[in-house]
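Summary of structural features
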Amino acid sequence: MLRAGGLVAFPTETVYGLGVDAFDPAAVARAFAAKGRPADNPLIVHLADAGELPRVVASITPLARRLAATFWPGPLTLVLAAVDTVPPATTGGLTTVAVRVPDHPVAAALLTLADLPVAAPSANRSGRPSPTTAEHVAADLGTEVDVILDGGPCPVGVESTVVDARGERPVVLREGTITREDLGLRADGSEPGPAADVAASPGTRYRHYAPRCGVELAPAGGGPAHARRLVATGARVGLVAADPAPAGVVPIATVRDVPQLAQRLYAALRDAELAAVDVLVVESVPEVGLGRAVMDRLRRAAGG
Ligand code: AMP
Ligand code: MG
């Protein structure tokens, strides 16, 4: 299906991807159209292993080599200079390309069998919460997609960390599971010298993850109390918190730690819609490690 220019949704460890042949501009255009994705928001090209990099990347920097050896397969995307045969549709017209090797057995098998670099944005309608189950893909893109490979719920649940790896030090363009600390960077983003995080990742300027209900952030441990206050105003309120929902509040998810919140976050946003709540209250987590990526996604869901 990929070789024929089709759209194949597949699970990765982060979220479900909407895969197309990265070198087929017509297929890439279909993926953008299916998602309603702005044309200047480039796609991540997925490879079976780091040995495939020369198919899409013009210059593999020592930093890229080191990061790939350490974190691939895994949720780290590297931005590097593209070979000039990668279609502008895939790169959003940039001279760079984003690449990663996913760590999921279904993705790995698909990429190996297809023997193609596969461009894959998240398999949701643009602006919707990212899909972490095959059902989420079917709900958003059921009529547009040619095949959905169902690998069950994604284990990580938030998108990959995007890093510009063209220089000597990594520059984080989008927060994710591979943290600044993992990359040897300062947790507060205050890197010395020229490696400050000034480069922009085109996709991060768009509003993301907006469910069809309100989302409000409560302080850590303050979710049940915040939810009760909203219920008192007459609202139908859902809760994602460390503690169970009190009486009168719709239980959406009880999460014991940050990785579990990351894994269940997007499903919780969709479950809150299905439960027809007016407002979903989600407890904040400390902004260290994976907590930075989770809070980034939560703020976007809450409207910025
Ligand atoms: P998504 O596929 O929805 O996870 O989005 C992919 C993310 O990677 C977006 O935030 C893009 O802006 C970013 N990205 C893809 N290619 C590049 C690139 N060449 N330079 C910078 N960011 C990129
Ligand atoms: Mg996306």
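Please refer to the structure higher up on the page.
What this report covers is the structure whose coordinates are included nearby. What you see is a predicted model; the values in this text were computed from it and never measured.

Quick look at the pattern of salt bridges now. Pairing between side chains of opposite charge can happen when their charged atoms approach one another. Tallied over the full model, the rule gives 16 salt bridges. Here Arg128 makes a salt bridge to Asp140, at a shortest N to O gap of 3.7 Å. In this pair, Arg128 sits in the loop between β6 (118-119) and α5 (134-141) while Asp140 sits in helix α5, placing the two residues 12 residues apart along the sequence. The exposure class of Arg128 is buried, given its relative accessible area of 11%. Residues Asp257 and Arg256 are paired through a salt bridge, measuring 3.7 Å at the closest nitrogen-oxygen approach. The exposure class of Asp257 is partly exposed, given its relative accessible area of 33%. It is possible to trace a salt-bridge network through shared partners that takes in Arg128, Asp140, Arg212, Arg270 and Glu273.

The biggest cluster of nonpolar side chains holds 45 residues, and the ones touching the most others in it are Leu67, Leu76, Leu78, Val99 and Leu183. Those residues in contact with Val99 that sit more than four places away from it in its chain are Ile44, Val45, Leu47, Leu53, Val56, Val57, Trp72, Leu76, Thr77, Leu78 and Leu80. With 28 residues, the next largest nonpolar core counts Val15, Ala253, Leu265 and Val294 among its residues.

All right, on to the sheet that holds strand β3 (residues 44-46) then. Judged by pairing direction, the sheet is mixed, and its 9 strands sit side by side in the order β7-β1-β2-β6-β3-β5-β4-β8-β9 without closing on themselves. The sheet terminates laterally at β7 (147-148) and β9 (171-174), the two strands that pair on one side only. Bridge analysis of strand β4 (residues 76-81) against strand β8 (residues 161-164) gives 4 bridges, and the strand direction is parallel. Bridge assignment links Val79 to a residue of β8, and that residue is Asp164. The strands that helix α2 (residues 62-71) touches are β4 and β8; relative to β4, the one it contacts most, it runs at about 160°.

What follows concerns unusual backbone geometry. A negative phi angle characterises most non-glycine residues, just as the trans form characterises most peptide bonds. The linkage connecting Trp72 with the following residue, Pro73, adopts the cis geometry, with an omega of -10°. Here Pro73 lies in the loop between α2 and β4. Notably, Asp115 is not glycine yet its phi reads approximately 55°, a positive angle. Mapping Asp115 onto the fold places it in the loop between α4 (105-114) and β6.

Tracing the backbone shows His46 in strand β3. Side-chain polar atoms of His46 contact the backbone oxygen of Ile44, separated by 3.1 Å. Apart from the residues within four sequence positions on either side, His46 is in contact with Phe10, Arg100, Pro102, Leu111, Leu116, Pro117, Val118 and Ala120.

Another aspect to go through is helix α1 (residues 25-35). Those residues of α1 that sit buried are Ala27, Val28, Ala31, Phe32, Ala34 and Lys35. In an axial view of α1, the angular spread of the buried residues amounts to 165°, which keeps them on one side of the axis. Opposite the buried face of α1, by more than 90 degrees, sit the exposed residues Ala26 and Ala33. On the buried face of α1, the contacting elements are β2 (16-21), α3 (88-91) and α5. Capping of α1 at its N-terminal end is provided by Asp24; its side-chain oxygen lies 3.1 Å from the backbone amide nitrogen of Ala26.

Rules of the game
- Residues numbered from 1 in each chain as written.
- Chains lettered and ligands numbered in written order.
- Predicted model: local features only at pLDDT ≥ 70, side-chain atom pairs only at ≥ 80, totals over all residues.
- Heavy atoms only, no water.
- Salt bridge = Lys/Arg side-chain N within 4 Å of Asp/Glu carboxyl O.
- Helix = DSSP H or I, 4+ residues; strand = E, 2+ residues; numbered from the N terminus.
- Buried < 20%, exposed > 50% of the residue type's maximum accessible area, 1.4 Å probe, protein only.
- Core = buried A, V, L, I, M, F, W, Y, C linked by side-chain atoms within 4.5 Å.
- Contact = heavy atoms within 4.5 Å.
- Pairing = 2+ DSSP bridges.
- Axes fitted to C-alpha atoms, helices over the stretch in contact; angles between N-to-C directions.
- Polar contact = N/O pair within 3.5 Å; in protein donor to acceptor, adjacent residues only side chain to side chain.
- Arc of directions from axis to C-beta.

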